[in-house]
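Geometric and topological summary
Each chain, letter by letter, is given below.
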Amino acid sequence: MLNKLSQYCNDYGTMAICIGVLYILVYTPFWGPAWVGVIAGLTIGLTFIQGYYKSFAIKHRYFLVALLAFFVINIIFSPLPVKAATGAVAVLKGLMIYPAALLAGRVMEDNYFNRLAMVCLFINSLFFIILLLWDVNWDNAYDSLVSWSSNHVGNLHNLDNLVFSSDLLALTLLLKVKSLRIKLLVGISLLLFIFVSVLVQSEGSTLAMAVCLMALIALYSYGQWKVLFIGLALLPITLLHMFYFNPDLFTQLTGDASQTMIIRSEIYSQLINAWLQHPWNGWGLNTYKYVEETQINGQGYLYPHHIYLESLFSLGLLGCGLILIWLVTMLRKIDSTRIPSSSISLFVFLMLLYISVKGMSDMKLLSQQTVGWLAACIGILHGRTKRSD
């Protein structure tokens with residue numbers, strides 16, 4: 001009887017972990033209003049109870065020791081050690097979701113994921129319908145969405161991240177489910193999400209979505225076609241950075257003096273100059289907004305709107321090198337040929353790519369939310385598509 005009860009609790013505990021990880025994947029943009037932090041805490045707690053964190057810590061003890069040692073070094077040598085310590089705690093909280101996501105990636109079946117995803121699509125569709133009917137002023141839809149977002153979810157970036165995540169979830173189900181009736185329902189939801197995506201007017205999210213679509217086509221292509229679509233996915237990223245670091249080139253090509261490009265160019269130039277003062281260890285985790293050397297004409301910014309430059313500034317060459325080693329190790333274990341065959345791995349791959357590209361324009365990296373979001377994606381993808389030994 002006790003063995004059956006234990007098995008029953010383990011089975012339902014694992015199901016709850018899978019639900020929690022998927023909830024984090026979809027609703028992280030609404031971190032506060034959707035109580036994502038609470039769900040993450042419960043998910044981590046259930047994973048602890050099942051004993052998975054202990055086995056994970058034993059297996060990866062050398063890397064974990066190296067990571068903690070670097071955090072201590074980063075704090076000690078930071079010009080702002082108290083702020084760096086606070087940032088380190090936030091990052092560690094985000095990383096805590098990785099073992100739970102790894103477990104979910106290994107045990108979650110596609111049919112189970114598809115049912116949960118349909119529930120998420122229904123909830124999101126209902127939310128956006130209510131938002132459009134009750135809160136949008138159609139004389140000036142964009143400004144009303146900005147106002148609503150500021151009052152309820154922090155800013156418009158959080159709203160557009162939710163709607164573009166919904167786009168990717170609906171697109172995944174449209175490709176993977178077999179039922180024509182479900183495809184029709186998902187297609188209707190996708191049209192609604194696309195409509196809202198247009199209303200939020202997010203250039204960064206639109207660019208990320210375009211890259212995701214090119215990469216998606218590349219996944220299902222072969223030979224020269226695969227190379228072509230990979231090139232098309234990389235092209236807008238390359239052009240974006242050419243314009244960032246040379247905004248005059250953008251003006252010459254388009255005839256438009258983009259203030260966004262000019263401001264970003266100044267932010268990145270100032271960031272690199274500040275980073276050169278502490279190139280090896282960086283300024284410390286989550287210290288960017290406190291560093292006077294990053295200000296432009298006395299005006300500071302909360303974050304540099306580029307997660308890779310933020311990493312370089314905060315972690316230095318040593319920290320970025322440690323992250324790169326870990327990422328290469330993880331990527332070598334992932335069998336990319338298995339990504340298109342599973343709905344959950346396909347969705348997570350597209351989400352990870354979306355965050356990676358969106359992070360070049362509108363996202364803060366070193367926070368519990370973004371680190372947790374990335375950790376959930378990488379954990380599931382690793383658990384789901386790991387190469388056979």
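Residues numbered from 1 in each chain as written. Predicted model: local features only at pLDDT ≥ 70, side-chain atom pairs only at ≥ 80, totals over all residues. Heavy atoms only, no water.

**With respect to the overall build of the chain**
Across its full length, the chain carries 17 helices and zero strands. Its C-alpha radius of gyration of 21 Å places the chain within 12% of the 21 Å reference for a compact globule of 389 residues. Out of the 389 residues in the chain, the part that is buried amounts to 50%. Sequence separation of at least 24 residues holds for 77% of the intrachain contacts in the chain that already meet a minimum separation of 6. Total accessible area on the chain stands at roughly 19,300 Å², and carbon and sulfur atoms take up 67% of it. The distance from the centre of the 23 positive side-chain charges to the centre of the 18 negative ones in the chain is 19 Å. (Helix = DSSP H or I, 4+ residues; strand = E, 2+ residues; numbered from the N terminus. Rg over C-alpha atoms; globule rule 2.2 N^0.38 Å. Buried < 20%, exposed > 50% of the residue type's maximum accessible area, 1.4 Å probe, protein only. Contact = heavy atoms within 4.5 Å. Areas by Shrake-Rupley, 256 points an atom, 1.4 Å probe, with all protein chains shown as cover. Lys, Arg positive; Asp, Glu negative; His and termini not counted. Charge placed at Lys NZ, Arg CZ, Asp CG, Glu CD.)

**With respect to empty space enclosed by the protein**
Taken as a whole, this structure holds two cavities of 30 Å³ or more when the rule is applied. Space inside the largest cavity adds up to approximately 50 Å³. If you trace the largest cavity, you find it lined by Ile 24, Trp 31, Ala 40, Ile 44, Lys 93, Gly 94, Ile 97, Gln 368 and Gly 372. Among the elements of the structure, helix H2 (36–49), helix H5 (81–95) and helix H17 (368–385) are those that each provide at least two residues to the lining of the largest cavity. Along the lines of polarity and charge, the residues of the lining of the largest cavity split into five nonpolar, three polar and one charged. If you add up the space inside the second largest cavity, you get close to 30 Å³. In this structure, the second largest cavity is lined by Lys 59, His 60, Leu 102, Arg 106, Lys 333, His 382 and Lys 386. Classifying every residue of the lining of the second largest cavity gives one nonpolar, two polar and four charged. (1 Å grid on protein atoms, 1.4 Å probe; cavity = no way out; pocket = protein on both sides within 12 Å on 5 of 7 lines; lining within 4 Å. Points joined across faces, edges and corners; volume = space filled by probe spheres on them. Nonpolar A, V, L, I, M, F, W, Y, C, P; charged D, E, K, R; others polar.)

**Here we look at the packing of helix H15 (residues 307–333) against H17**
The N-to-C vectors of H15 and H17 enclose an angle of 35°; their axes lie 9 Å apart at closest approach. Counting all contacts with H15, which are made through Trp 326, Leu 327, Met 330 and Lys 333, the residues of H17 involved are Ile 378, His 382 and Thr 385. Of the residues in the contact of H15 with H17, the class split is four nonpolar, two polar and one charged. (Axes fitted to C-alpha atoms, helices over the stretch in contact; angles between N-to-C directions.)

**Notes on helix H14 (residues 259–275)**
An α-helical turn contains 3.6 residues, so any two residues separated by three or four positions project in the same direction. Here H14 contains 17 residues, and its C-alpha end-to-end distance of 24 Å stays within 8% of the 24 Å for a straight helix at 1.5 Å per residue. The complete set of buried residues in H14 reads Met 261, Arg 264, Ser 265, Ile 267, Tyr 268, Leu 271, Ala 274 and Trp 275. In this structure, the buried residues of H14 make contact with helix H12 (223–245), helix H13 (247–254) and H15. (Expected span 1.5 Å × (residues − 1).)

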